[in-house]
Amino acid sequence: MFLTLTDIKDISVAMSEALRVDFTNYNTSFLKRRVTRAIEKLNLHKVQELINLLKDPQKAEEVAFLMQVPCTELFRDPAFWRALRKNLTGRKQLSVWFPHLTNGYELYSLMILLKQMGIPQTRVVASTFSQLVIDKAKQLNITSKIDEVNRYNFERLEIANKYDEYVDVCDNVTTIKPEIISSVEFHKEWYINEKVEKYDLIIFRNVTLNYNVLLHERAIERLVQSLNDDGLLTIGIKEVILPRTLRLNEVNANEGIYGVKKQNV
Amino acid sequence: MSDYKAIVIGGSAGSFALVLKLLSRLSPSFDIPIIICMHRLKHIRSGLVESLNVKSKIKVVEPNDKERIEKGKAYLAPSNYHMFIEFDGTISLSIEDMNNHSRPSIDYTLSSASVAFRDRCVGIILTGANKDGAKGIKDIADKKGFTIVQDPATAEVDTMPKSALRVMKPNLILSPDGIIDFLNNLK
């Protein structure tokens, strides 16, 4: 299906109103791909049909879910998780925020890492504008192919022997043990609209890839407001910090880990 | 000076040696940006760009998201990310689902280049073991861009060039040396 720029504009305005997320500042080519995919998955034929669907809250939920770009495995980019482990070593406790949960893999990865490191969490919050994302995160089934990738990533993180401790296999279906995330607080809200609270660690990887520069800057500025003075912000390894004037320190720029710059007194 | 805004190259199995040869034999003054999408191991993110830079006559980079495309540079799609060309002359990256079992997908890079550069784009399909890239080079041809497919008889694995030839008629079918000569004559 071919979408014009006018189609994209109309749909992004309709989605912004229905889902309370600023889709008008998502990257246009991303919207084009994702909306085309959503139209196909929902067996629609016209752009207007998708816009009409958004008036039904239950259908709007499905659209919200289809706009997500999920992380596809546990410990994607093992080098990042190794670097994070190094930077968290010595912490007595940790509060964590996942502002944009897409399916739970990163959430489980972090909870497993913290358990391995013996770091208690004071609070872990995962926000998303999709209820379906929350539901699926609580029951994360994995295919045999992803199971294989997960094992490989555990191996690269040197915790290979622990993988089976974290999964249940029943009737040939592998599920990551839901109790790993039993203490997590889920918020169904777009993170930009959430009230400002402070955290020690914010995991926000590969989200700004889907934004234009304006929303990218707005997102990072909003997250920095929620960082404690010794807090860490993590972004994807191919993302950059915008605006560049922000008070952020490169803790490990190769792995996308940043800290709050200390102010001179 | 050439009217082309970019050369976009896709390749898979066997293409690394070919891309290395091509970059090493470019004229040092070659200034049309080269955008390369090669299938690569998703868990090994370093080494490839460094190897290309050893012999390349122009600088090869793995771009970050939203990086502006500059003259005189080659851009290599990073491991495990799709790479797209935007209207404003920047590169965007994505971790969206695999396409043709590939991330990066050659179709995605070439198709986005066809939209961004239209008839001011040269698309090239090299050796490879799957059909990824066929739709992308057809999109470039449909927008009146200039298209080249490596002669399947010279390809280490001919599936990719043959798949492209099944869906479109390129402006040229060339051997690796022919592709290099073509590029050097563009300046």
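Above: the structure in question.
An account of the accompanying structure is given in this report. (Residues numbered from 1 in each chain as written. Chains lettered and ligands numbered in written order. Predicted model: local features only at pLDDT ≥ 70, side-chain atom pairs only at ≥ 80, totals over all residues. Heavy atoms only, no water.)

By a widely used convention, the size of an interface equals the accessible area lost when the partners come together. Taken together, the 20 residues of chain B in the interface contact 30 residues of chain A. Summed over both sides, the interface of chain B with chain A buries roughly 2,200 Å², with 47% coming from carbon and sulfur. Across the pair B:E96 and A:R34 runs a salt bridge whose closest N-O atoms are separated by 3.5 Å. Across the chain B-chain A interface, the total number found is eight residue pairs in polar contact (both at pLDDT 80 or more). Per-element tally for the side of chain B that touches chain A: the top contributor is strand β7 (residues 90-94) of chain B, with three residues. Per-class residue counts for the side of chain B that touches chain A are six nonpolar, five polar and nine charged. (Contact = heavy atoms within 4.5 Å. Buried area = accessible area lost by both parts, 1.4 Å probe. Salt bridge = Lys/Arg side-chain N within 4 Å of Asp/Glu carboxyl O. Polar contact = N/O pair within 3.5 Å; in protein donor to acceptor, adjacent residues only side chain to side chain. Helix = DSSP H or I, 4+ residues; strand = E, 2+ residues; numbered from the N terminus. Nonpolar A, V, L, I, M, F, W, Y, C, P; charged D, E, K, R; others polar.)

Residues and elements named next belong to chain B. On the basis of which strands lie adjacent, the open sheet formed by three strands has the order β4-β7-β6 and antiparallel pairing. Two strands close off the open sheet at either side, each with one partner strand: β4 (67-68) and β6 (82-85). Of the pairings in the sheet, the one linking β4 to β7 comprises two bridges and is antiparallel in character. By the bridge assignment, E67 is partnered in β7 with I91. (Pairing = 2+ DSSP bridges.)

Attention now goes to the packing of aromatic side chains. All names here are of chain A. All told, the structure shown has 14 aromatic pairs over all chains when counted by the stated rule. With a centroid separation of 4.6 Å and 40° between ring planes, the pair formed by F23 and Y26 is classed as tilted. Just as F23 is buried, Y26 falls in that class too. A ring pair is formed by F75 and W81, whose centres lie 5.4 Å apart and whose planes are at 90°; its orientation type is edge-to-face. (Phe/Tyr/Trp six-rings, centres within 6.5 Å; stacked < 30°, edge-to-face > 60°. Buried < 20%, exposed > 50% of the residue type's maximum accessible area, 1.4 Å probe, protein only.)

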